[in-house]
Amino acid sequence: MKISKQDVEHVAVLSRLELSENEKENYTETLNSILEYMELLNRVDTSDVEPTAHVLPLINIFREDKPHEPLDRKMALANAPDEEDGCFKVPRIV
Amino acid sequence: MSQKYETVIGLEIHVELKTATKIFCPCPNEFGGEPNTHVCPVCLGLPGVMPVFNKRVLEFAVKAGLALSCEIASYSKFDRKNYYYPDLPKNYQVSQYDLPICKLGSVEINNNGEVKTIGITRIHMEEDAGKLLHGGATITSSNYSRVDLNRTGVPLIEIVSEPDLRSAEEARAYMEKMKAILEYLDVSDVKMEQGSLRCDANISLRLVGAEKLGTKAEIKNMNSFRSLQRAIEYEVERQTEILDEGGRIVQETRSWDEEKGITVSMRSKEEAHDYRYLPEPDLVPIIVDPKWVNELRASLPELPDARKKRFVKELGLSEYDAGIITGSRALADYFDEVMIKYNDPKTVANWVMGELLRLINAGDMEITENKIKPDQFAALLQLQADGTISGKMAKTVFEEMFATGKGPETIVKEKGMVQISDEGALATLIEKVIAANPRSVEDYKAGKEKAIGFLVGQIMKETKGQANPGVVNKLLIEKMK
Ligand SMILES: [Zn+2]
């Protein structure tokens, strides 16, 4: 087992997810089976392959520093569950 | 105080770049603005959008790297730094992890005459987060917060120093030097109060002579040079006390409380830094052309150290004066402009450092907010040089110019401040004063040189201070021969 139940709990905290005991068991199992499957990749000989940061053969895609018309504020806030004074309103943080 | 511990400080500086648009979308990069009016689907982090990198950000980052003698990476990429906070709509910040654009640089600082080289570990590019406005007085007493995403996606460079700084003063000198260099490069507004220049300090202590670094605390939320220095001084004191009592320093992030003058622990669940960096799949790698880097290198402006050397060598200014004037590009440019019209470096330097900086500091202003135009400044010095007004009058006129922006001739005329230097106009008055004060004249003739001071004083009184004291002195001596 690569991933312990503690690992799942840790990732759940980082992801702001509340998991039941059942879910924790379940995710421990499924995450491990995913990793085991990915182990397949370790069988490929990569001794003469450079590490890559991107799968497409593209580099240097740039944009000129020219402004566009920003989104109308009504549109920007349209999906917000709550708003106040033109701002997104969120629950108490700490 | 005997030195038991050595202070070790490293600084992480965040610099907002002065581009026209944000780093990954064409929203305007402007300070302020009504909340959520500089936003688009990309910087709002809406699903399905694609970021495109602003070339100007790369240019500014490379320029900063070159000015700080860094190696420019031939291959660089972006990564996602994952964390959850309401000011970060995508739940990750696009930053650079293992392949930053610049590394291994250095900068020379001058701490009250002591010159020292500070290592630069790396410079990387990233996006800024939004702003939170809290409902209550503080974040902890608020029931809710408001989120303004105008700042989300504003381009930043983070400059990380080696732990080479040894005192609060050195840290301040380093920060001031960084501000000057970035201002000269014209890549940022570098205003600490507005947050375009921000700084976190990693501080630890170790026994003098020890190799191993002590446990550090990271201090945040210092919004001025003064608070940076105060925060470090406080933190050093706090850690010294703990170590002296045999305690252990806890590795943590602490926030500087300006009002109370203390640092406060910011313990939270996220304290265990686990950002799970991963390569940003929506942005392609950057390969920098060495020819372009050389072009940028050739285009760099004269930097503060070079300008200081030139001011000392070519203008004959003292190291100290040249250091202060070139410490800010705006001030050095202003000095140069006054010099075009009044080519006397020492006099201009004295006025700029004495009168101008005094008034600017008293008003807590920026050089660029100064109302006196360089040619008006030069005209004032000319009026003093040709004897139209005295040195004392010149200072009064200067204050008036600073307050109102009026030209010196206008003020001199309005206040009737013209100095009387005309010998004919003064002769009658001098004869009158000589006739009225035979005692002083006798004293002077008997060898009491001081007696002439009284006579000069009488004439100044008669002319309400407008007589040229030098001319008066000369005429008195002639008449009393
Ligand atoms: Zn945008």
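Up top is the structure these notes are about.
Reading guide: rules and limits
Residues numbered from 1 in each chain as written. Chains lettered and ligands numbered in written order. Predicted model: local features only at pLDDT ≥ 70, side-chain atom pairs only at ≥ 80, totals over all residues. Heavy atoms only, no water. Helix = DSSP H or I, 4+ residues; strand = E, 2+ residues; numbered from the N terminus. Buried < 20%, exposed > 50% of the residue type's maximum accessible area, 1.4 Å probe, protein only. Contact = heavy atoms within 4.5 Å. Areas by Shrake-Rupley, 256 points an atom, 1.4 Å probe, with all protein chains shown as cover. Donors = N, O, S within 2.8 Å, 3.2 Å for Na, K, Ca; no water. Tetrahedral: all angles 85-135°; square planar, octahedral: opposite > 155°, others 65-115°. Axes fitted to C-alpha atoms, helices over the stretch in contact; angles between N-to-C directions. Parallel < 35°, antiparallel > 145°, perpendicular 65-115°, else oblique. Left-handed = near helix turned anticlockwise from the far one by under 90°. Nonpolar A, V, L, I, M, F, W, Y, C, P; charged D, E, K, R; others polar. Pairing = 2+ DSSP bridges.

**Student:** Sorry if this is basic, but what is going on with the overall build of chain B here?
**Tutor:** Counting its secondary structure elements, chain B contains 15 helices and 17 strands. Dimensions of chain B, computed from the C-alpha atoms along their principal axes, are close to 95 × 55 × 50 Å. Here chain B, with 481 residues, has 50% of them falling under the buried criterion. Contacts spanning at least 24 positions in sequence make up 69% of the contacts within chain B whose residues lie at least 6 apart. Carbon and sulfur atoms provide 51% of the accessible area of chain B, an area that totals close to 22900 Å².

**Student:** Could you clarify how one ought to interpret the coordination of the zinc ion in this entry?
**Tutor:** Perfect tetrahedral coordination of a metal by four donors corresponds to 109.5 degrees between them, and perfect octahedral coordination by six donors corresponds to 90 or 180 degrees. All names here are of chain B. Distances from the zinc ion to its protein donors, Cys 25 (SG), Cys 27 (SG), Cys 40 (SG) and Cys 43 (SG), fall at 2.3 to 2.4 Å. Because the angles between the 4 donor atoms bound to the zinc ion fall within 100 to 116 degrees, the donor set is best described as tetrahedral. All donors of the zinc ion belong to a single chain; written as a sequence motif, their spacing is C-x1-C-x12-C-x2-C. One end of the pair, Cys 25, is in the loop between β1 (5-16) and β2 (53-54); the other, Cys 40, is in the loop between β1 and β2, and 15 residues separate them in sequence. In this structure, Cys 25 and Cys 40 share a single accessibility class: buried.

**Student:** How should I be thinking about the packing of helix α12 (residues 423-436) of chain B against helix α15 (residues 469-479) of chain B in this particular structure?
**Tutor:** Packed helix pairs are specified by the crossing angle of their axes together with the interaxial distance, meaning the distance between the axes. Residues and elements named next belong to chain B. The N-to-C vectors of α12 and α15 enclose an angle of 55 degrees; their axes lie 10 Å apart at closest approach. By the angle between their directions, the pair α12 and α15 is classed as oblique. The handedness of the crossing between α12 and α15 is right-handed. Across the interface between the two elements, Glu 423, Leu 426, Ala 427, Ile 430, Glu 431 and Ile 434 from α12 touch Val 471, Val 472, Lys 474, Leu 475, Leu 476 and Lys 479 from α15. Considered class by class, the residues forming the contact of α12 with α15 number 8 nonpolar, no polar and 4 charged.

**Student:** Can you walk me through the pairing of strand β8 (residues 114-127) of chain B in this structure?
**Tutor:** On a regular strand, each side chain points to the face opposite its neighbour's, so the side chains alternate between the two faces of the sheet. All names here are of chain B. Relative to β8, strand β7 (residues 102-111) runs antiparallel, the two sharing 9 bridges. Residue pairing in the sheet places Glu 108 in a bridge with Thr 117 of β8. In sequence, β7 turns back onto β8 through a hairpin of 2 residues, with Asn 112 there showing a positive phi of about 50 degrees. Pairing of β8 with strand β11 (residues 155-161) involves 7 bridges; the strand directions are antiparallel. Following the sheet pairing, Met 125 is matched in β11 by Ile 157.

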